[in-house]
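# Analysis of the macromolecular model
Here's the letter readout for the chains.
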Amino acid sequence: MPDLIAPPTADLQRVIEALPALEAAEDPARHRGLLEQAAALAAGDDIDAHTLGRIQLLMARLHAQLGEYELAYARALSASEQLARAGDTARASSAASTCISICIETGDFSRALEHLRQTQAAARARGDMELLVRLLFNQACTFLCVDEFDAAAHCCEEVLKVVAEMPPEATRGQVATTAESARAALGFSRTYLADAHERRGRLAEAKSERRRAAAVLPKANERSPLASLHMVIYARSRLGDLEGARHTASIFLRRVRQLPRAPRWMAQVWLTMGVYYQHAGKPGRAAARFERAISAMRSIRHDGELPNTMQMLANAHASNGRHADALRWLRQAHAARRHTQPEQERLHYRMAALERDAEERRLERETAMLHAQRLAVVGRLMAQIYHSLGAPLVAARQALSLCITQADHLTPAELSAAMRGVVAHIDEATALTRQLRMFSYRAAPQAMVLDLPLALQEAWNGMAIGRSGPREPLVLRGVAPPQVRSDAQRLAVLLRILLIEIERLGGAQAPQVLLSMNGPAVRVLFASPAREADASAVGGVGFTLCEEIAREMQGGLWRMDAPAGELRVALELPAER
């Protein structure tokens, strides 16, 4: 009898157990087969979001290492979404960092800065200073890529400021590594700023910037991060410190030889050494390194840096007196720019489409979750809703039955009064059903800055639709409040339901509205005469729905103490800072 095939769940479990080792591996390409098997099993099985996110993140790193940026970006976006849903903020941030790195690699710097802005805001809100340090350094690198050296220097200074404010025990490990890289990037930026001052004839400013750059550059050692060594070689070469650049280059080469000889890394090595030899006055050696860098870039289709590298190679040949070779490589640089432009635009278009799809999925998930929460509130109030609807409907039925059975004995005035009572009971039931429909409306909140007085007036005017006769205007008193930040649709629903309830309890006249500030919140105080029979009825379904919406909007709603025969209700909403 042949052996039975192992069920897929067993293979998936084996992959899940191997995830920690795969995440710790420095070279994901060595485990490509296992990662692809994991992704295939995860796609065909109903596994938890956390495991799926981890597998997607590993696949994103693999595709990024192989230069498959479109696939890498799609995997990283999905991983960030899954891990954030599972509550793993560390890995979700790592997935967002992968998106940022891909945007930088592909030259889409505006999208990289947008990702950085969002992730930095989230890191500051959580108080995650370690992540904030890393993101600020990534932002500095993005500015360096577009030659915004002043902005890059400011980002590096902020990195060092944040690190200085952190407790000593938190500034070890990755934070210390990032801080050293930030010092190298700061010196690198100041070096280029000095060159810019010199080109404009500002020799004193150029000398000052070079002095500041030399002071901030870290001393290279065997434990220095590779990114730091790479920038120190560049900076010391441009500052004329060839001895320091040579010492750093020797450390850099020793460190690189210990790594897997990935084409991406080797391209960076040859490029760095080419720049070193160019500034050391050895254009022949620089040209040889630039050519090897171009060959490595082409092997992995890393076209983003090809035109600039070809330009540097042309400059090296020109410095060496080989003008024909310089002209040939200059033409190739121009051709490469023309060739890579459509490819870059296509890739950026696809990345934007992937972002739109991810945003639509997030909004749909949030909409479904909020809709389920609202329906849960309705379910919790079902008994109260039944009684609130049953009472006016039963009263309307009894009034109609009385009219039918005693139609011959009622005077026209009595019949008219009975019919008006029926209409009033039906209006009462209709108002409640309208409140429930508005409360359960399926839509994800979209926070925006809103004018609260205008929203109040629109809600009051909206209640007049379908009614005969003019409505008394709503008069607002008190200090002019700041704008509020909230969802426009939910605020409109809250105010409409609240005004319906105030009218039910106090009559058709417009309530008095007083606007004031209560700390960081805007307070709206509604005052209205109360019908004697309903003075204590602020606990019905409508007010409960309003309380739920106010809580959803980070505010509050409650009844205030008031003299007999008066109804006072206070609403507070967070003010826009």
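Description of the structure in this document. Quick caveat: nothing in here was measured; it's all calculated off a predicted structure.

Counting its secondary structure elements, the chain contains 21 helices and seven strands. Each of the 577 residues in the chain was classed as buried or not, and the buried ones make up 44%. Taking all contacts inside the chain whose residues are at least 6 apart in sequence as the whole, residues at least 24 apart take part in 68%. For the chain, the computed accessible surface area is about 29700 Å², with 54% contributed by carbon and sulfur atoms.

Next up on the list: the pattern of salt bridges. Counted under the stated rule, the structure contains 15 salt bridges. For the salt bridge of arginine 190 with glutamate 209, the shortest nitrogen-to-oxygen distance reads 3.3 Å. Taken as a pair, arginine 190 in helix α9 (residues 174–199) and glutamate 209 in helix α10 (residues 203–216) lie far apart in primary sequence, 19 residues in all. Across the pair, exposure class does not vary: arginine 190 and glutamate 209 are buried alike. One salt bridge in this structure joins aspartate 241 and arginine 236, with 3.1 Å as the shortest N-O distance. Given the relative accessible area of 30%, aspartate 241 is considered partly exposed. The structure contains a network of salt bridges with shared partners spanning Glu157, Arg190, Glu209 and Arg212.

To continue, consider the packing of aromatic side chains. Going through the model one piece at a time under the given rule, you end up with four aromatic pairs. Arranged with centres 4.9 Å apart and planes meeting at 55°, the rings of phenylalanine 188 and tyrosine 192 form a pair that is tilted. In this pair, phenylalanine 188 and tyrosine 192 are both assigned in helix α9, four residues apart and thus about one turn of the helix distant. Side by side, phenylalanine 188 and tyrosine 192 carry an identical accessibility label, which is buried. With a centroid separation of 5.1 Å and 55° between ring planes, the pair formed by tyrosine 276 and tyrosine 277 is classed as tilted. Judged by relative accessible area, tyrosine 276 falls into the buried class, the value being 6%.

On to the nonpolar core. Leu144, Val159, Phe188, Met231, Phe252, Phe290 and Met310 are the most contacted members of the largest nonpolar core, which has 80 residues in total. Filtering out sequence-adjacent residues up to four positions away, leucine 144 remains in contact with Phe149, Ala152, Ala185, Phe188, Ser189 and Met231.

Its place among the elements puts serine 93 in helix α5 (residues 89–105). Take serine 93: its relative accessible area is 10%, and that puts it in the buried class. Those residues within four positions of serine 93 in sequence are excluded, and the remaining contacts are Arg126 and Leu131.

Moving on to the sheet that holds strand β6 (residues 556–559). Overall, mixed pairing links the five strands, which are arranged β2-β4-β5-β7-β6 in an open sheet. Looking at the sheet topology across the chains shown, the edges are occupied by β2 (476–478) and β6. Each strand axis lies, on average, 25° off the axis of its neighbour in the sheet, ignoring direction. Where strand β4 (residues 512–518) meets strand β5 (residues 521–529), seven bridges bridge the pair, whose relative direction is antiparallel. Bridge pairing in β5 places leucine 515 opposite valine 524. In the packing of helix α19 (residues 452–462) onto the sheet, contacts are made with β2, β4, β5 and β7 (566–574), and the angle to β5 comes to roughly 30°.

Moving on, we get to the side chain of threonine 309. Position of threonine 309 relative to the elements: it lies in helix α15 (residues 306–319). The class for threonine 309 is buried, based on a relative accessible area of 1%. Sequence-distant contacts of threonine 309, defined by excluding residues within four places in its chain, comprise Leu271, Phe290, Ala293, Ile294 and Met297.

All right, on to the environment of threonine 51 then. Mapped onto the elements of the fold, threonine 51 is located in helix α3 (residues 49–65). The exposure class of threonine 51 is buried, given its relative accessible area of 8%. Through-space distance from the C-alpha of threonine 51 to that of leucine 19 is 8.8 Å; in sequence the pair is 32 residues apart. If near-sequence neighbours (up to four positions away) are discounted, threonine 51 is found in contact with Ile16 and Leu19.

A few words on a nonpolar patch on the surface. Among the surface-exposed residues, Leu400, Leu415 and Met419 lie close enough to one another that they form a single nonpolar patch of about 210 Å² accessible area. Mapped onto the fold, methionine 419 is located in helix α18 (residues 412–439). When its relative accessible area of 33% is taken as the criterion, methionine 419 is described as partly exposed.

Here α5 contains 17 residues, and its C-alpha end-to-end distance of 24 Å stays within 8% of the 24 Å for a straight helix at 1.5 Å per residue. Of all the 17 residues making up α5, 12 are buried; the element is thus mostly covered by neighbouring parts of the structure. Every buried residue of α5 is accounted for by Ala92, Ser93, Ser94, Ala95, Ala96, Ser97, Thr98, Cys99, Ile100, Ile102, Cys103 and Ile104.

This next bit is on the packing of helix α14 (residues 283–299) against α15. How two helices pack is summed up by the angle between their axes together with the distance between the axes. With their axes 9 Å apart at the nearest point, α14 and α15 run at an angle of 160° to one another. Compared by their axis directions, α14 and α15 come out roughly antiparallel. Relative to α15, α14 is oriented so that their crossing is left-handed. Here Pro283, Ala286, Ala287, Phe290, Glu291, Ala293, Ile294, Met297 and Arg298 of α14 come into contact with α15, specifically with Leu306, Thr309, Met310, Met312, Leu313, Ala316, His317 and Ser319. Residues of the contact of α14 with α15, tallied by class, amount to 12 nonpolar, three polar and two charged.

Conventions and cut-offs
- Residues numbered from 1 in each chain as written.
- Predicted model: local features only at pLDDT ≥ 70, side-chain atom pairs only at ≥ 80, totals over all residues.
- Heavy atoms only, no water.
- Helix = DSSP H or I, 4+ residues; strand = E, 2+ residues; numbered from the N terminus.
- Buried < 20%, exposed > 50% of the residue type's maximum accessible area, 1.4 Å probe, protein only.
- Contact = heavy atoms within 4.5 Å.
- Areas by Shrake-Rupley, 256 points an atom, 1.4 Å probe, with all protein chains shown as cover.
- Salt bridge = Lys/Arg side-chain N within 4 Å of Asp/Glu carboxyl O.
- Phe/Tyr/Trp six-rings, centres within 6.5 Å; stacked < 30°, edge-to-face > 60°.
- Core = buried A, V, L, I, M, F, W, Y, C linked by side-chain atoms within 4.5 Å.
- Pairing = 2+ DSSP bridges.
- Axes fitted to C-alpha atoms, helices over the stretch in contact; angles between N-to-C directions.
- Patch = residues over 30% accessible without salt bridge, like charges linked within 9 Å, V, L, I, M, F, W, Y side chains within 5 Å.
- Expected span 1.5 Å × (residues − 1).
- Parallel < 35°, antiparallel > 145°, perpendicular 65-115°, else oblique.
- Left-handed = near helix turned anticlockwise from the far one by under 90°.
- Nonpolar A, V, L, I, M, F, W, Y, C, P; charged D, E, K, R; others polar.

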